Amino acid sequence: MANTKKYGFSTRAIHIGEEPDFREGGTGDVVIPIHLSTTFARKKVDEPTAGYEYTRSLNPTRNALETKLASLENGRYGFAFSSGLAAESTILLSLVKPGDHIVAFDDLYGGTKRLINQVFGNFVFEVSYVNAVDPKNVEEAIKENTKLVWLESPTNPLLKLSDITAISRITQKHGIVLVVDNTFLSPYFQKPLDLGADVVVHSSTKYIGGHSDVLGGSVMVDNEELFKKIQYHQNSVGAVLSPFDSYLTLRGIKTLALRMERHQGNALTIARYLEKHPKVIRVIYPGLESHPQHALAKAQTAGFGGVLSFEIVGTIDDAKVFLEKLQLFALAESLGGVESLIELPAAMTHSSVSREVREKIGISDTLVRVSVGIEDVEDLIADLEQALG
Ligand code: P1T
């Protein structure tokens, strides 16, 4: 299937990369087999069989996933890694050298900030964090040695958006690579490469896998030079997704469109319910008219996703009591699975971000993040009602 763009999203999610093998010896499987072999034999020294040599470099099951991922993001190339952070590390190793500078959104997943600050920042590159809600802040932070701009849109956990098209004009003007973490919306609702980004990264642990049973990361690009750099580092660093995890991810992706619609429908209903609740100070969800960037969300994305955050009245202890009373919402980190998850960023996902920085960007002690699942929404609201009560 050379031109995959002629198909709709779900057709691609189901078929691309998993075309039945009708060649001689092929068995016509409609689901790609899990190729566990770590190495591939050849008959002639100079001719690897069908291009396969060693599974770290290329594996048929992972390759099927990488082909599907690329198609879903409208890119030519996809990569599957063993976690979102492994994907991010490989991007940074591929594209940033000692002495370089990067500009990053100041509201990012705590683990991404830890990776940038503690793992790379100390000895490899310099970083400036900016509020990328305003593209001007990004442009003003660019220096002569800036090589990369790193965005999440929407951000984790404050659901701030960046205008990807506007920022891509700036990065293109300066010859800088624009990386967008698209974890929160998935390619079903947002395609950053179409908006001008150069690299898209996901924690595929979240919506792409969709069932909270497989850790993974993915990277998609359209540019061949970027593809070659990342491919070289994917193989050289070796943090690749296993064949079994590739299979689980492929299985999850097939229902991505159905799941995202339901996540979004439930999230909007819950956001509207919470907005009216007297114990709730504010609700942050890009699908609400009250979100300061609702207009940008409507213009830039095909949907608002299934994550929302809200602040409750009281102290961190009141927030803990509320969270511990819930019965259907699992009190857990992560997001994007079929089951609803809830957490307290200040004490959980973003505890590695200092209090000072949390306060500066708006992560208060009673800010609660919800990953709305695909259960019956009345049951979810009843659970919130009893716990808030
Ligand atoms: O957990 P891992 O698959 O390594 O992905 C890291 C990551 C990257 N980008 C974003 C936007 C993320 O949200 C994450 C992981 N986030 C959580 C575990 C969390 O609960 O927010």
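Here goes a summary of the coordinates provided. All values derive from a computational prediction rather than experimental measurement.

**A closer look at the pairing of strand E12 (residues 367-371)**
Then step 1. Where burial is concerned, most of E12 is hidden: five out of the five residues are buried.
Then step 2. The alternating pattern of E12 places Leu367, Arg369 and Ser371 and Val368 and Val370 on opposite faces, both of which are buried.
Then step 3. In this structure, strand E9 (residues 307-312) lies alongside E12, joined through five bridges in antiparallel fashion. Within E12, the residue paired with glutamate 311 across the bridge is leucine 367.

**Overview of the side chain of serine 340**
Then step 1. Tracing the chain through its elements places serine 340 in the loop between strand E10 (330-331) and strand E11 (341-343).
Then step 2. In contact with serine 340, not counting residues within four places along its chain, are Leu328, Phe329, Ala330, Ser371, Val372, Gly373, Glu375 and Leu380.

**What to know about the nonpolar core**
Then step 1. Leu92, Trp150, Val199, Val219 and Val221 are the most contacted members of the largest nonpolar core, which totals 46 residues.
Then step 2. Ranked by residue count, the leading element in this core is helix H3 (residues 84-95), at five residues.
Then step 3. Apart from the residues lying within four places of it in its own chain, the contact partners of valine 199 are Ile91, Leu95, Val177, Leu178, Val179, Val180, Leu193, Val219, Met220, Val221 and Leu226.

**What to know about the sheet that holds strand E7 (residues 217-221)**
Then step 1. Pairing within the open sheet is mixed, and its seven strands lie in the order E1-E7-E6-E5-E4-E2-E3. Where the open sheet ends on each side, the last strands, each with one partner, are strand E1 (77-81) and strand E3 (126-130). Taking each pair of neighbouring strands and ignoring which way they run, the sheet shows an average axis angle of 20 degrees.
Then step 2. Alignment of strand E6 (residues 199-203) against E7, held across five bridges, turns out to be antiparallel. Bridge pairing in E7 places valine 201 opposite valine 219.
Then step 3. Helix H2 (residues 60-72) rests against E1 and E7 of the sheet, and its axis sits at about 130 degrees to E1.
Then step 4. Together, strand E2 (101-105), E3 and strand E4 (146-152) form the strand contacts of helix H4 (residues 110-121), whose direction differs from that of E3 by roughly 145 degrees.

**Structural notes on unusual backbone geometry**
Then step 1. Omega for the peptide link from serine 153 to proline 154 comes to -5 degrees, which places this bond in the cis form.
Then step 2. Along the polypeptide, proline 154 turns up in the loop between E4 and helix H6 (164-174).
Then step 3. Of note in the backbone geometry, alanine 50 takes a positive phi value of approximately 50 degrees without being a glycine.
Then step 4. Tracing the chain through its elements places alanine 50 in the loop between helix H1 (9-15) and H2.
Then step 5. Relative accessible area serves as the criterion here: at 60%, alanine 50 is assigned to the exposed category.
Then step 6. Positive phi, normally seen in glycine, also occurs at serine 212, with a value near 55 degrees.
Then step 7. If you trace the backbone, serine 212 turns up in the loop between E6 and E7.

Conventions we followed
- Residue positions within a chain follow its written sequence, with the count starting from 1.
- Thresholds applied to this predicted model are a pLDDT of at least 70 for local features of residues and 80 or more for the giving and counting of side-chain atom pairs; totals over whole chains, interfaces and linings are not thresholded and use all residues.
- Side-chain numbers here rest on the full set of heavy atoms in the structure, without hydrogens or water.
- Here's how the labels work: a residue is buried when its accessible area is under 20% of the maximum for its type, exposed when over 50%, partly exposed in between, all with a 1.4 Å probe on protein chains only.
- Strands are runs of DSSP state E lasting at least two residues, helices are runs of H or I lasting at least four, and both sets are numbered from the N terminus onward.
- Between any two strands, at least two bridges found by DSSP are needed for them to pair.
- Every residue pair with non-hydrogen atoms within 4.5 Å of one another is taken to be in contact.
- Buried residues of nine kinds, namely Ala, Val, Leu, Ile, Met, Phe, Trp, Tyr and Cys, make up a nonpolar core once their side-chain atoms join them within 4.5 Å.
- Convention adopted: a line fitted to C-alpha atoms gives each axis, helices being fitted over their contacting stretch, and angles between N-to-C directions are expressed from 0 to 180 degrees.

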